[in-house]
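Examining the three-dimensional arrangement
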Amino acid sequence: MPRFFLEELDESDVVITGPDARHIGLSLRMRVGDILTVCAYGRDYTCRIRSITPEEVHLEVCSYTACAAEPTVSVTLYQAMPKGDKLEQIIQKAVELGAVRIVPVLTRRCISRPKPAEFTKKLSRLQKISESAAKQAGRGILPEVAPMLSFGEACQEIQKADKAILLYEGGGVRFSEVDLQDCRNIALIVGSEGGFDPEEAQKLQEQGAVPVWLGERILRCETAPLAAISILMHLTGNL
């Protein structure tokens, strides 16, 4: 069944506009009475089309349920800026695995160093990648790709999480040793191709991040966050 995302909706009259409305009528050739799914607030709304034009599709809510694909923990990935199109791959797979937010971070060893204004121009495309991955994975929310943060800004943000985890090649505990009991919001911090500068790693730990070591094998920066999210989902009963 086709899935569409809305940030908010009125259950008495659900309205889809813009490109999604045109997609419903022109590409999918749906008509009045057809059924589709609208995702909002972590719920799946089963809706029937009441009226349709290329500009607006009005829907009647038939029923709704909590989205079974949404994990019980909210994982935010703080990803140091990688080279090339690696960030696109990381966003796609992180969303499929259950991340709720991806935050690019400019760290000392990042080879790719876009200016904030340059990166902002890419956000629309990156958000579309997130949306496409969320639809494919049957997610109940549309995970956010946030504007790029400085390292200092990221240090401040991670303090809001119930648990912050730093993937650190310099050593640390294993995932199985991290206490995740009663954690609902988890910050996962991953470096770029060169990893983290020791001073940065120390600063993150001073802000409460637990250093975690993934073993002797050296993983690429686009592989490490996906392995870590998979492990977190398993340890919290979401995989």
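Everything below is about the structure printed above this text.
Residues numbered from 1 in each chain as written. Predicted model: local features only at pLDDT ≥ 70, side-chain atom pairs only at ≥ 80, totals over all residues. Heavy atoms only, no water.

1. A look at the packing of helix H2 (residues 86-97) against helix H3 (residues 116-137)
Condition: A fitted line through C-alpha atoms serves as each axis, taken over the contacting stretch for helices, and the angle formed by two N-to-C directions is quoted from 0 to 180°. Starting at the N terminus, helices and strands are each numbered in turn, a helix being any DSSP run of H or I of at least four residues and a strand any DSSP run of E of at least two. If you view the pair so one helix is near and one far, a crossing is left-handed when the near helix is turned anticlockwise from the far one by less than a right angle, and right-handed when it is turned clockwise. By the convention used here, residues are in contact when the closest approach between their heavy atoms is within 4.5 Å. Residues are sorted three ways: Asp, Glu, Lys and Arg are charged, Ala, Val, Leu, Ile, Met, Phe, Trp, Tyr, Cys and Pro are nonpolar, and all the rest, Gly among them, are polar.
At a minimum axis distance of 8 Å, the contact between H2 and H3 shows a crossing angle of 35°. Between H2 and H3 the crossing geometry is right-handed. Residues Leu-87, Glu-88, Ile-91, Gln-92, Val-95 and Glu-96 of H2 lie in contact with H3, whose contacting residues are Phe-119, Arg-125, Leu-126, Ile-129, Ser-130, Ala-133, Ala-134, Gln-136 and Ala-137. Split into classes, the residues belonging to the contact of H2 with H3 amount to 9 nonpolar, 3 polar and 3 charged.

2. Some thoughts on the environment of Met-30
Here is the rule we go by: In this scheme, a residue with accessible area under 20% of its type's maximum is buried, one over 50% is exposed, and one in between is partly exposed, where area comes from a 1.4 Å probe on protein chains only.
As for its position among the elements, Met-30 is in the loop between helix H1 (18-27) and strand S3 (35-40). Since its relative accessible area comes to 8%, Met-30 is described here as buried. C-alpha of Met-30 to C-alpha of Gln-159: the two residues are 129 residues apart in sequence and 47 Å apart in space. Leave out the neighbours within four places in its chain, and Met-30 touches Pro-2, Ile-24, Gly-25, Ile-35, Leu-36, Ile-49 and Ile-52.

3. Considering the packing of aromatic side chains
Basically, it comes down to this: Aromatic pairing here means that ring centres of Phe, Tyr or Trp (its six-membered ring) are within 6.5 Å. Orientation follows from the plane angle: under 30 degrees is stacked, over 60 is edge-to-face, and everything else is tilted.
Scanning the entire structure with this criterion turns up 1 aromatic pair. Geometrically, the ring pair formed by Tyr-45 and Tyr-64 is tilted, given 5.2 Å between the ring centres and 40° between the ring planes. Of this pair, Tyr-45 sits in strand S4 (residues 43-52) while Tyr-64 is found in strand S5 (residues 56-66), placing the two residues 19 residues apart along the sequence. By relative accessible area, which is 0% here, Tyr-45 ends up buried.

4. What about empty space enclosed by the protein?
Spelled out, the test is: Only protein atoms enter the 1 Å grid, on which a cavity is a set of points fitting a 1.4 Å probe that cannot get out and a pocket is an open set with protein on both sides within 12 Å along at least 5 of 7 lines, lining residues being those with an atom within 4 Å of a point. Grid points are joined across faces, edges and corners, and a volume is the space filled by probe spheres set on the points.
For the structure shown, the criterion picks out 1 cavity of 30 Å³ or more. Space inside the largest cavity adds up to approximately 60 Å³. Forming the walls of the largest cavity are Tyr-78, Gln-79, Ala-80, Val-105, Thr-107, Phe-151, Ala-154, Ile-189, Val-190, Phe-196 and Leu-204. Those elements that provide at least two residues to the lining of the largest cavity are strand S6 (74-80), helix H4 (151-158) and strand S11 (185-190). Residue classes in the lining of the largest cavity are distributed as 9 nonpolar, 2 polar and no charged.

5. Here's the deal with helix H5 (residues 198-206)
We apply this condition: Throughout, the arc means the angular range of directions from the helix axis out to the C-beta atoms.
When H5 is considered as a whole, its buried residues turn out to be Glu-200, Ala-201 and Leu-204. Down the axis, H5 shows its buried residues gathered within 100° of arc, on one side only. Residues of H5 that are exposed and point more than 90 degrees away from the buried face comprise Glu-199 and Glu-206. On the buried face of H5, the contacting elements are H4, strand S10 (163-167) and S11.

6. Quick notes on unusual backbone geometry
The backbone of Arg-29 shows a phi angle near 55°, a positive value even though the residue is not glycine. Here Tyr-41, not a glycine, exhibits a phi torsion of approximately 60°, which is positive. Here Tyr-41 is to be found in the loop between S3 and S4.

7. As for the pairing of S11
Note on strand geometry: in a regular strand, side chains alternate between the two faces of the sheet. We count it as follows: Two strands are said to pair when DSSP picks up at least two bridges between them.
Among the 6 residues that make up S11, 5 are buried, leaving the element largely enclosed by the rest of the structure. Taken together, the 6 bridges between S6 and S11 define a ladder with parallel strand orientation. By the bridge assignment, Val-75 is partnered in S11 with Ile-186. Inspection of the sheet shows S10 paired to S11 by 4 bridges, in the parallel sense.

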